[in-house]
Amino acid sequence: MVKIAVAGGSSNVAAEMIDVLVATGKHEILLLSRKEASTDVAIQGTTWIQVDYRSQAQLMHALKGVHTLLSFVTEQEDPDSPLQKNLIKAAIEVGVKRFAPNEWATSGIVSWYSYKSETRRYLQELNKEHQVIEYTLFQCGLFLNYLTSPYKSAKHLRQMQTPFDYHQGRCIIAEGGNDSRITFTTVQDLAQVVARAIDYEHPWPVVSGISGVEMSLKQMIELGEKIRGKPFKIEEMPIDELKDGTWRSSWSPKIDHPAMPPQENDEISRFMVAEILRGISAGDFLCSDEWNKLLPDFEFTQAEEFLNSAWDGKP
């Protein structure tokens, strides 16, 4: 049994992992959040601690005795990642053994994840001469759950539209991108792997690739057509138009998020869709498989079985 702290513990991805960790009954779990605890967000079997991530004193007090720290702190507004750096400094000061920064997605860096790039650089620099803190980058690609939009396929994960719309049978891709490959992993599998990683007695790899299934865009579209029983409408956007924002399609997904100002939703969604498509073409959503190898007995959810079940009986 170890003490685990989850920074940004009110996030929906964190909640999926917390449920699994609580269910093991093995660990003491602390949730760190900028929010006050309430009946809406409190999770049974955990201790909620409100913190100011700008305060080293508060963070050090909260992290005393913690063995493993998982971060879900987002900093899109500041690519220098000051809050996560404060968290790392406090963790080192009080002797936290293991740290996982806010990754949980791509192997490459799309533009709104620039703070993740800085955190990677900072951790690498800290451990350049000798190991100051053991850390790992959990990377799982795109959540397979998003392909069930608008229907939920996980308890907490916020359902998000993507350029791959199984519901309406349509996809937007980058021109010539049929062979671009993506790693898809269910959020449930990610949570299970992280729970096992916490119990893993050997050193963590620096890169913690988790690969539920790897597919090309062509294979992903063909699977959708098979499951939905109809041909999909595919629209290809030139890379240069995705880059300069001049691309035009007959539809575009709305990427709704609580942190996104409603009046800017259309503009930000178009930007994010373009960056996702460019990132896929660049291989940013293709992840490695370190934990597949370290946990050979773990059975990852298969895409066709999962999606067949999720779409069964849906219009």
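Rules of the game
- Residues numbered from 1 in each chain as written.
- Predicted model: local features only at pLDDT ≥ 70, side-chain atom pairs only at ≥ 80, totals over all residues.
- Heavy atoms only, no water.
- Helix = DSSP H or I, 4+ residues; strand = E, 2+ residues; numbered from the N terminus.
- Rg over C-alpha atoms; globule rule 2.2 N^0.38 Å.
- Buried < 20%, exposed > 50% of the residue type's maximum accessible area, 1.4 Å probe, protein only.
- Contact = heavy atoms within 4.5 Å.
- Areas by Shrake-Rupley, 256 points an atom, 1.4 Å probe, with all protein chains shown as cover.
- Lys, Arg positive; Asp, Glu negative; His and termini not counted.
- Charge placed at Lys NZ, Arg CZ, Asp CG, Glu CD.
- Pairing = 2+ DSSP bridges.
- Axes fitted to C-alpha atoms, helices over the stretch in contact; angles between N-to-C directions.
- Domains from an automatic or database assignment.
- Buried area = accessible area lost by both parts, 1.4 Å probe.
- Expected span 1.5 Å × (residues − 1).
- Right-handed = clockwise from strand over helix to strand, strands pointing away.
- Polar contact = N/O pair within 3.5 Å; in protein donor to acceptor, adjacent residues only side chain to side chain.

1. Here we look at the overall build of the chain
Here comes step 1: Looking only at helices and strands, the chain has 10 helices and 14 strands in total.
Here comes step 2: Its C-alpha radius of gyration of 20 Å places the chain within 12% of the 20 Å reference for a compact globule of 315 residues.
Here comes step 3: In terms of its C-alpha atoms, the chain occupies a principal-axis envelope of roughly 55 × 40 × 40 Å.
Here comes step 4: Out of the 315 residues in the chain, the part that is buried amounts to 52%.
Here comes step 5: Relative to all contacts within the chain whose residues are 6 or more apart in sequence, the contacts with residues 24 or more apart total 74%.
Here comes step 6: Just so you have it, the chain exposes about 14500 Å², and 48% of that area is on carbon and sulfur atoms.
Here comes step 7: Measuring between centres, the 32 positive side-chain charges of the chain sit 2 Å from its 43 negative side-chain charges.

2. Notes on unusual backbone geometry
Here comes step 1: Cis peptide bonds are those with omega within 30 degrees of zero, and the linkage from S149 to P150 qualifies with 15°.
Here comes step 2: Among the structural elements, P150 can be located in the loop between β8 (142-143) and β9 (164-165).
Here comes step 3: Phi is positive for S81, which is not a glycine, with a value near 55°.
Here comes step 4: When you line up the elements, S81 lands in the loop between β4 (68-71) and α3 (82-94).
Here comes step 5: A relative accessible area of 0% places S81 in the buried class.
Here comes step 6: A positive phi angle, near 60°, is found at W104, a position not held by glycine.
Here comes step 7: Mapped onto the fold, W104 is located in the loop between β5 (98-100) and α4 (114-126).
Here comes step 8: The exposure class assigned to W104 is buried, which follows from its relative accessible area of 5%.

3. Things to note about the sheet that holds strand β10 (residues 170-174)
Here comes step 1: Taken together, the three strands give an open sheet; going across it, the order is β9-β10-β14, and neighbouring strands pair in mixed fashion. Each edge of the open sheet is held by one strand with a lone partner, namely β9 and β14 (233-237).
Here comes step 2: Relative to β10, β9 is paired through two bridges, and the arrangement is antiparallel. The residue of β10 that forms the bridge with F164 is C171.
Here comes step 3: Helix α6 (residues 217-228) contacts β9, β10 and β14 of the sheet and is inclined by roughly 175° relative to β10.
Here comes step 4: Each of β9 and β10 is contacted by helix α8 (residues 265-281), which is oriented at about 60° to β10, the strand it contacts most.

4. A short note on the domain arrangement of the chain
Here comes step 1: Here the chain is described as being made up of domain 1 (2-135) and domain 2 (144-182 + 214-283 + 302-308).
Here comes step 2: Between the C-alpha centres of domain 1 and domain 2 the distance comes to 29 Å.
Here comes step 3: Contact residues are listed per partner, giving nine residues for domain 1 and 11 residues for domain 2.
Here comes step 4: Contact with domain 2 buries area across many residues of domain 1, yet N12, E16 and W112 alone supply 58% of it, more than any other trio.

5. Some words on α4
Here comes step 1: The end-to-end C-alpha separation of α4 is 19 Å, in line with the 18 Å expected for 13 residues at 1.5 Å each.
Here comes step 2: Listed in full, the buried residues belonging to α4 are Y115, K116, E118, T119, R120, Y122 and L123.
Here comes step 3: Packing partners of the buried residues in α4 comprise α3, β5, β6 (134-135) and β7 (137-139).

6. Regarding the pairing of strand β2 (residues 28-33)
Here comes step 1: Most of β2 is tucked away, with five of its six residues classed as buried.
Here comes step 2: Pairing of strand β1 (residues 3-7) with β2, which is carried by five bridges, proceeds in the parallel orientation. By the bridge assignment for β2, K3 is matched with E28.
Here comes step 3: Each parallel crossover has a hand, and the one from β1 via helix α1 (residues 12-24) to β2 is right-handed.
Here comes step 4: Here β2 pairs with strand β3 (residues 47-50) via four bridges, running parallel. In the sheet register, L32 faces β3, and the bridge partner there is I49.

7. Section: the side chain of S55
Here comes step 1: Tracing the backbone shows S55 in the loop between β3 and α2 (56-63).
Here comes step 2: A relative accessible area of 19% places S55 in the buried class.
Here comes step 3: Within the structure, the side chain of S55 is placed 3.1 Å from the backbone nitrogen of Q58, a separation counted as a polar contact.

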